[in-house]
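# Residue-level structural notes
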Amino acid sequence: QLWSEYLRVPLHPRSLLVLQQFNHDGCAGRQRAEPEPSWARKRSEGDPSVPPLRDAGRLKAFGQGEGLMQDPACLEELDDRLHFFVEECDYLQGFQVLCDLHDGFSGVGAKVTELLQDEYSRKGILTWGLTPVIHKTGSDFFFFPPLQELEKDVYRLMNTALGIVQLSSHSSLFCPLSLNSSLGLK
């Protein structure tokens, strides 16, 4: 189940950039109606000019997302899609960026806001950092949480911290959003 399956608003085909090798839950992706971008095809064909990814399937670390956006082919694809919409604007006032903070998409969002700041330095960038609600109760674990849970918590904490620092430095205004009072860090 993907968020886009519940979306009732029709989106322009060029408004979404699907990261073929990564998805939300780490499961193998389904067939997409949109053709695979050339940079993802090169990666899957073993092109030596495209660096390999360490943990395909799940973007769980800030550095993975940042590394993905350093791929020249991916940046070119993003830049092409961005310029397509910017050229359609009569009077561009700024950008709104919605970004998950708790996983590797915080690294993707940081690089995207950096790209926006570099190319459109005179435009405003409003960034919303989103964190999920974490449901943990003390009765789930008798004494100590399992190592997998501790690892997830460390990743979540580091991704959120790095995301807040990087996104706020490249945005005109950064606003973290969460239903938790702790930004999902407990």
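Reading guide: rules and limits
Residues numbered from 1 in each chain as written. Predicted model: local features only at pLDDT ≥ 70, side-chain atom pairs only at ≥ 80, totals over all residues. Heavy atoms only, no water. Helix = DSSP H or I, 4+ residues; strand = E, 2+ residues; numbered from the N terminus. Buried < 20%, exposed > 50% of the residue type's maximum accessible area, 1.4 Å probe, protein only. Core = buried A, V, L, I, M, F, W, Y, C linked by side-chain atoms within 4.5 Å. Contact = heavy atoms within 4.5 Å. Axes fitted to C-alpha atoms, helices over the stretch in contact; angles between N-to-C directions. Parallel < 35°, antiparallel > 145°, perpendicular 65-115°, else oblique. Nonpolar A, V, L, I, M, F, W, Y, C, P; charged D, E, K, R; others polar.

## Examining the environment of leucine 59
- For leucine 59, the location among the structural elements is in the loop between strand 2 (57-58) and helix 2 (62-68).
- For leucine 59, a relative accessible area of 2% puts it in the buried group.
- Sequence spacing of leucine 59 and serine 106 is 47 residues, and the spatial spacing of their C-alpha atoms is 9.6 Å.

## Observations concerning the nonpolar core
- Counting residues in each nonpolar core, the largest one holds 17 residues, and the members touching the most others are Leu82, Phe95, Leu116 and Tyr120.
- Those elements that provide at least two residues to this core are helix 3 (72-88), strand 3 (94-100) and helix 4 (105-119).
- Apart from the residues within four sequence positions on either side, tyrosine 120 is in contact with Leu82, His83, Val86, Leu92 and Phe95.
- Membership of the second largest hydrophobic core comes to six residues, among which are Leu101, Ala110, Leu167 and Phe174.

## Focus on the packing of helix 4 against helix 5 (residues 147-169)
- Where helix 4 contacts helix 5, the axes come no closer than 9 Å and their chain directions differ by 10°. Accordingly, the angle class assigned to the pair helix 4 and helix 5 is roughly parallel. Here Ser106, Gly109, Ala110, Thr113 and Gln117 of helix 4 come into contact with helix 5, specifically with Asn159, Gly163, Gln166, Leu167 and Ser169.
- Taken together, the residues that form the contact of helix 4 with helix 5 break down as two nonpolar, eight polar and no charged.

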